[in-house]
Amino acid sequence: MAPHPRHPAPTPGVPGPAAAVPAGGAAPGGAGAPGPVRDAAGRASGRGPGVGGGSGGAGAHQERPRPAVPPRRRRGARAVALGVVCALGLGLAGCGGGDGAVVGAGPASTTAATTAPPSAASPTPTPRPTRTYPMSTAPQTIPAVREHVPARGPGWRPGPGSAVVVAPGSDGLADEARLLARELGIAARGEGRARAGDVELALAPGGSGTAPESYTMTVRDGRVRISGPDQAGVFYGTRTVKQAVRSGGAVPEGVVRDRPDRPQRGLMVDIARKHFTAAWLEARVREAADLKLNQFGLHFSDDQAFRIASDSHPEVVSPQHLTKAQVRRIVALAASLHVTVVPEIDSPGHLGAVLAAHPSLRLRDARGTVARGAIDIARPQSARIVDDLLREYAALFPGRYFHVGADEYRALMADDPEASYPALAAEARRRHGSAGRVQDLATAWLNERAATVRAAGKQPKAWNDGIFRGGVVKADEDLEVEYWTGRELGARPPAEYLAEGRPVVNVNDRYLYYVLGEPNQFTYPTGRAIYEKWTPLVLRGTQPVPERYSRQILGARFAVWCDLANAQTQAQVAAGIRTPLRALAQKVWDPRPPAAPWQEFAALARRL
């Protein structure tokens, strides 16, 4: 239960209870001195008013002379009465000590044994203890809330009588209520009216703005109400409660209005080059959800391995892999936490594991040398096997997106693709006319794979270096461009994709690529660099694109690549990405300069 804002009037001869002071000496819901208040822009807008000193009113009474009581009996009577006062003040940090002092309530109270009987002509009122609170400060969370309206009050903390309840007509939030109740160790009471000490979850269409992932959280009168237009927004409000209790022991008094800046916020893991257990992946899904990320990418096919069981082509699957049952559990867990799992089968490059079982489909150059990981896109059988896999896994992953790759096709990394791969060049001219080139054949391949997943109800994604300028064939306009690099041939500056009106997701390989073993001049990204220097506008290198393109940048993903798979263990990967992932979560939720300095954020990241 939340502490009562006032103590009951003291019983004659019994000291008043001590004011509740949490560890660290600050009252719940705020520090001893008011801190910065975040405005609608998320920046420090000055400090709140000081601690109020007004009394809640003192009830005067007169002491009557009492017969003398032996010292032992008098102490016993005090103990009984003190217990009654403590019971009435349930939820406070403690009661007064043997000297009768009331913490924060002015001069120490005195007992009947030491107080002279008052004069009938001039009655002396006994001060009534009163709780006062500083203005609350925003809850300490990652990402930080965008707006907090402070108020005076004890805030909310879970107590023995607390429960999470679902507001009438909001029964779709039952899962969110049960999860938060388990996390806080309190009851889930189902649908009904909130009582004092409760957390109430409510769907309120239009009540918290138009963004489906927005929410409003109100902490008042010893209870919390989280409302939002959609289940996802209310869920994010529960993450704010969970983190606030974990970081500060209580949810501060006041109102939070919060929403993400970008619709796509994610983590991607390369499980093709390195096998990760289902339990490890589930832990990362939970971690991502607590940080209000909403996508979890699985790159499960590459040159090294194919890591998910297949019914259509079991011959391509590697010995160490996830079963479909394990994948369904991961997908179901993610869905319950409002995270979409995004599968990726990269083609026409990065297909080494598939081609190991189908060597006749390997691409060869003019000298007959096999192009590593590349499938021969001139052969109809190549398209059939890849489409079989795309359709199979589109059914396994019910989310909105499917990543079809398109990067680093060996034929297009040659200085002269037409001379190096004359069979592809001939097929390009046959299909697309005399001006057709290998680039056009590869672009047509990309469009065909995008059409396959689109027919399965998916939004296709592709890497930026598979979408070229010029040519006879143009990449489909609705492809979401995942911009990762400027290193590769075909990797145009990001502004070119934006100028064409293409939607872009930021996967900047300088800040957001965690490449095991740090090969090819990659270095492990730091949380500080992301927190202080990166924003969604910084798509390539360190320079942002013009602000006018901001709304075309749908969000960002932090990517774990396992090029040198044995460079780190699963545990080391989890530890290594911990702080950078939190910094990404902050900047993709709110890309404005953070209010908290890096040292403060890093300390919070270690606790959450």
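As the structure is a prediction and not an experimental result, all values here were calculated from the model.

Cut-off values and rules
- Residues numbered from 1 in each chain as written.
- Predicted model: local features only at pLDDT ≥ 70, side-chain atom pairs only at ≥ 80, totals over all residues.
- Heavy atoms only, no water.
- Pairing = 2+ DSSP bridges.
- Helix = DSSP H or I, 4+ residues; strand = E, 2+ residues; numbered from the N terminus.
- Axes fitted to C-alpha atoms, helices over the stretch in contact; angles between N-to-C directions.
- Contact = heavy atoms within 4.5 Å.
- Parallel < 35°, antiparallel > 145°, perpendicular 65-115°, else oblique.
- Nonpolar A, V, L, I, M, F, W, Y, C, P; charged D, E, K, R; others polar.
- Buried < 20%, exposed > 50% of the residue type's maximum accessible area, 1.4 Å probe, protein only.
- Core = buried A, V, L, I, M, F, W, Y, C linked by side-chain atoms within 4.5 Å.
- pLDDT = per-residue confidence, 0-100.
- Polar contact = N/O pair within 3.5 Å; in protein donor to acceptor, adjacent residues only side chain to side chain.
- Phe/Tyr/Trp six-rings, centres within 6.5 Å; stacked < 30°, edge-to-face > 60°.
- Salt bridge = Lys/Arg side-chain N within 4 Å of Asp/Glu carboxyl O.

Trainee: Just checking my understanding: could you explain the sheet that holds strand β6 (residues 199–203) for this structure?
Mentor: Hydrogen bonds between backbone groups are what pair the strands of a sheet, and the pairing can be parallel or antiparallel. Sheet architecture is open: seven strands sit in the order β3-β9-β7-β8-β6-β4-β5, paired in mixed fashion. Two strands bound the open sheet, and with one partner strand each, they are β3 (147–150) and β5 (187–191). In this sheet, adjacent strand axes meet at a mean angle of 15° when their direction is disregarded. As paired strands, β3 and strand β9 (residues 254–258) are joined by four bridges and run antiparallel to one another. Residue Glu147 lies in a different strand from β9, and its bridge partner there is Arg257. Across the sheet, helix α3 (residues 231–248) lies against β6, β7 (215–220) and β8 (223–228), angled at about 40° from β7, the strand it touches most.

Trainee: I would appreciate a short explanation of the packing of helix α2 (residues 174–184) against α3 in the present structure.
Mentor: The description of two helices packed together rests on the angle between their axes and the distance between the axes. At a closest axis distance of 10 Å, the pairing of α2 and α3 adopts a crossing angle of 5°. Between α2 and α3, the angle is such that the two are roughly parallel. On the side of α2, the interface is formed by Glu176, Leu179, Leu180, Glu183 and Leu184, while α3 contributes Gln231, Phe235, Thr238, Arg239, Val241, Lys242 and Val245. Partitioning the contact of α2 with α3 into residue classes produces six nonpolar, two polar and four charged.

Trainee: Please clarify how α2 should be interpreted in this entry.
Mentor: Along an α-helix, residues three or four positions apart point the same way, because every turn accommodates 3.6 residues. Buried within α2 are the following residues: Glu176, Ala177, Leu179, Leu180, Ala181 and Leu184. In this structure, the buried side of α2 is in contact with β4 (163–166), β5, β6 and α3. Just past α2, the residue Gly185 takes up positive phi, approximately 70°.

Trainee: Sorry if this is basic, but what is going on with the nonpolar core here?
Mentor: Where a protein is soluble and globular, its nonpolar side chains tend to be buried together. Among the nonpolar cores identified, the biggest contains 138 residues, and Trp156, Val241, Leu281, Tyr393, Phe397, Leu424 and Phe558 are the most heavily contacted of them. Sorting elements by how many residues they give to this core places helix α13 (residues 570–589) first, with nine residues. If we skip the residues at most four places from it in the chain, Leu281 touches Val269, Ile271, Phe276, Phe296, Leu298, Leu322 and Ile330. Val507, Val515, Leu554 and Ala559 belong to the second-largest nonpolar core, a separate cluster that totals 11 residues.

Trainee: Help me out: how do you make sense of the confidence of the model for the protein in this one?
Mentor: The predicted coordinates ought not to be read in detail in places where the model reports low pLDDT. In this model, the protein carries an average pLDDT of 84, and 77% of its residues clear a pLDDT of 70 or more. This model gives residues 1–122 a pLDDT under 50, and the stretch forms 187 contacts once residues within four places in sequence are excluded.

Trainee: Would you mind going over the side chain of His350 with me for this structure?
Mentor: Of note, His350 is situated in the loop between β12 (340–347) and α6 (352–357). The exposure class of His350 is buried, given its relative accessible area of 11%. Polar contacts involving the side chain of His350 include one to the side chain of Asp302, which spans 2.9 Å. In terms of polar contacts, His350 uses its side chain to reach the side chain of Glu408, at 2.8 Å.

Trainee: Sorry, what's going on with the packing of aromatic side chains here?
Mentor: The description of two aromatic rings rests on the distance between their centres and on the angle between their planes. Counted according to the given criterion, the structure contains 16 aromatic pairs. Seen from their ring centres, Phe306 and Tyr393 are 5.8 Å apart, and the 50° between their planes marks the pair as tilted. Here Tyr393 lies in helix α7 (residues 380–396) and Phe306 lies in the loop between β11 (295–301) and α5 (324–336), a separation of 87 residues in the sequence. A relative accessible area of 0% places Tyr393 in the buried class. Considering the side-chain rings of Tyr483 and Tyr497, the 5.7 Å spacing of their centres and the 75° angle between planes classify their relative orientation as edge-to-face. In this pair, Tyr483 is assigned in strand β17 (residues 480–483) and Tyr497 in helix α11 (residues 494–499), connecting sequence segments 14 residues apart.

Trainee: Teacher, can you tell me more about the environment of Pro494 here?
Mentor: Position of Pro494 among the secondary structure elements: in helix α11. Filtering out sequence-adjacent residues up to four positions away, Pro494 remains in contact with Tyr483, Leu539, Arg540 and Val545.

Trainee: Explanation requested: the pattern of salt bridges in the structure shown.
Mentor: Evaluated as defined, the whole model comprises 36 salt bridges. Between Arg262 and Asp261 there is a salt bridge, and its shortest N-O distance comes to 2.6 Å. Considered together, Arg262 and Asp261 belong to a single accessibility category, that of buried residues. We note a salt bridge from Asp311 to Lys324, for which the minimum N-O separation is 2.9 Å. Taken as a pair, Asp311 in the loop between β11 and α5 and Lys324 in helix α5 lie far apart in primary sequence, 13 residues in all. On the basis of relative accessibility, which here comes to 63%, the residue Asp311 falls in the exposed class. One network of salt bridges, in which partners are shared, links Arg469, Arg492, Glu496, Glu500 and Arg502.

Trainee: It is not clear to me how the side chain of Glu200 should be interpreted in this structure. Could you clarify?
Mentor: With respect to the secondary-structure elements, Glu200 resides in strand β6. You can call Glu200 buried: its relative accessible area is 12%. At a separation of 2.9 Å, a polar atom in the side chain of Glu200 contacts the side chain of Arg225. Aside from chain neighbours lying at most four places away, what touches Glu200 is Val165, Ala167, Ala194, Val224, Arg225 and Ile226.

Trainee: Which parts of the structure should I look at to understand unusual backbone geometry?
Mentor: Cis geometry is found at the peptide bond from Ile142 to Pro143, where omega equals -5°. Structurally, Pro143 can be placed in the loop between α1 (71–88) and β3. Residue Ser347 is joined to Pro348 through a cis peptide bond whose omega torsion reads 10°. Summarising the element assignment, Pro348 is placed in the loop between β12 and α6. Although it is not a glycine, His338 adopts a positive phi angle of roughly 60°. On the secondary structure map, His338 appears in the loop between α5 and β12. In this structure, Glu408 is a non-glycine residue whose phi angle is positive, near 50°. Considering the arrangement of structural elements, one finds Glu408 in the loop between β15 (401–405) and α8 (417–420). Overall, the relative accessible area of 22% leaves Glu408 in the partly exposed class.

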